[in-house]
Amino acid sequence: MTPIADEIGRERVAAVVARFYRRVRVHPTLAEPFTRVTDWAEHEAKLTHFWWTTLGGARYRDEELAVGRTHMDVGVTPALLADWLGLFRATLAEEPLADELLLGWLERAERIGQSLLYLAQFTAEQRAARRADALAAHAAESADD
């Protein structure tokens, strides 16, 4: 993907992130998973850096974001991801960005959402397999008694 961060600008990325998360905090389904955020300024700073680098900008913070693990820990579902993406689209649509920049950012958001969906499905399948194994082991132990 062509880097578009410099054309969008880090200030604009930060403004989009801030506006989006103000909306998340009052959203009927998205607010609850985000109740675990205790420092919104730091959360938005991390997410600004995440989006900046996702859009092709140079790293300016020395940290790794555990995007997949973090989202699985809060129990991301297809419905939550759909709500997140819908709100993100609406927020981004308000920006006076050239179409190619808007579409480039949205494409990245959609890919991230799809990746998280795949991870959520894989995680659910792994949990189900572990549960089935545990139940089978328990049944085998009970049969031996």
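Residues numbered from 1 in each chain as written. Predicted model: local features only at pLDDT ≥ 70, side-chain atom pairs only at ≥ 80, totals over all residues. Heavy atoms only, no water.

Student: For this particular structure, what's the right way to read helix H2 (residues 10–24)?
Tutor: Since there are 3.6 residues in each turn of an α-helix, residues three or four apart along the chain are aligned in direction. If you check H2, its first and last C-alpha atoms are 21 Å apart, about what 15 residues at 1.5 Å a residue would give, namely 21 Å. Where H2 is concerned, the buried positions are Val-13, Val-16, Val-17, Ala-18, Arg-19, Phe-20, Tyr-21 and Val-24. (Helix = DSSP H or I, 4+ residues; strand = E, 2+ residues; numbered from the N terminus. Expected span 1.5 Å × (residues − 1). Buried < 20%, exposed > 50% of the residue type's maximum accessible area, 1.4 Å probe, protein only.)

Student: Can you help me understand the side chain of Thr-48 in this one?
Tutor: Mapped onto the elements of the fold, Thr-48 is located in helix H3 (residues 40–54). Contact partners of Thr-48, with chain neighbours within four places excluded, come to Arg-10, Val-13, Ala-14, Val-17 and Tyr-60. (Contact = heavy atoms within 4.5 Å.)

Student: What's the story with a negative patch on the surface in this structure? I'm lost.
Tutor: A cluster of acidic residues, Asp-6, Glu-7, Asp-99 and Glu-100, forms a negative patch on the protein surface. Its location among the elements puts Glu-7 in helix H1 (residues 5–8). For Glu-7, a relative accessible area of 53% corresponds to the exposed category. (Patch = residues over 30% accessible without salt bridge, like charges linked within 9 Å, V, L, I, M, F, W, Y side chains within 5 Å. Areas by Shrake-Rupley, 256 points an atom, 1.4 Å probe, with all protein chains shown as cover. Salt bridge = Lys/Arg side-chain N within 4 Å of Asp/Glu carboxyl O. Lys, Arg positive; Asp, Glu negative; His and termini not counted. Charge placed at Lys NZ, Arg CZ, Asp CG, Glu CD.)

Student: How do you make sense of H3 when you look at a structure like this?
Tutor: With 15 residues, H3 should cover 21 Å at 1.5 Å per step; its first-to-last C-alpha distance of 20 Å lies within 8% of that length. By the burial criterion, the buried members of H3 are Trp-40, His-43, Glu-44, Leu-47, Thr-48, His-49, Phe-50, Trp-51 and Trp-52. If you check the start of H3, you find a side-chain oxygen 3.3 Å away from the backbone N of Ala-41, and it comes from Asp-39. Immediately downstream of H3, the backbone of Gly-56 shows phi near 105 degrees, a positive value. (Polar contact = N/O pair within 3.5 Å; in protein donor to acceptor, adjacent residues only side chain to side chain.)

Student: How should I be thinking about the packing of H2 against H3 in this particular structure?
Tutor: For any two helices packed against each other, the geometry is given by the interaxial angle and the distance between the axes. Contact pair H2 / H3: the axes reach a minimum separation of 9 Å and the direction vectors enclose 130 degrees. Judged by the angle between their axes, H2 and H3 are oblique. Judged by the sense of rotation from one axis to the other, the crossing of H2 with H3 is right-handed. Together, Arg-10, Val-13, Ala-14, Val-17, Ala-18 and Tyr-21 of H2 and Trp-40, His-43, Glu-44, Leu-47, Thr-48, Trp-51 and Trp-52 of H3 make up the contact between the two elements. For the contact of H2 with H3, the class distribution of residues is nine nonpolar, two polar and two charged. (Axes fitted to C-alpha atoms, helices over the stretch in contact; angles between N-to-C directions. Parallel < 35°, antiparallel > 145°, perpendicular 65-115°, else oblique. Left-handed = near helix turned anticlockwise from the far one by under 90°. Nonpolar A, V, L, I, M, F, W, Y, C, P; charged D, E, K, R; others polar.)

Student: I would appreciate a short explanation of the nonpolar core in the present structure.
Tutor: Nonpolar side chains in soluble globular proteins tend to be buried together. Ranked by internal contacts, the top residues of the largest apolar core, which has 34 residues, are Tyr-21, Trp-51, Trp-84, Phe-88 and Trp-105. Within the residue set of this core, elements represented by two or more residues are H1, H2, H3, helix H5 (78–93) and helix H6 (99–144). Sequence-distant contacts of Trp-51, defined by excluding residues within four places in its chain, comprise Val-13, Val-17, Trp-84, Phe-88, Trp-105, Arg-108, Ala-109 and Ile-112. (Core = buried A, V, L, I, M, F, W, Y, C linked by side-chain atoms within 4.5 Å.)

Student: I would appreciate a short explanation of the packing of H2 against H5 in the present structure.
Tutor: At a minimum axis separation of 10 Å, H2 and H5 run at an interaxial angle of 135 degrees. It follows from the interaxial angle that H2 and H5 lie oblique. Here H2 and H5 pass one another in a crossing that is right-handed. On H5, the residues touching Val-16, Arg-19, Phe-20, Tyr-21, Arg-23 and Val-24 of H2 are Trp-84, Leu-87, Phe-88, Ala-90, Thr-91 and Leu-92. A breakdown of the residues in the contact of H2 with H5 according to their chemical character gives nine nonpolar, one polar and two charged.

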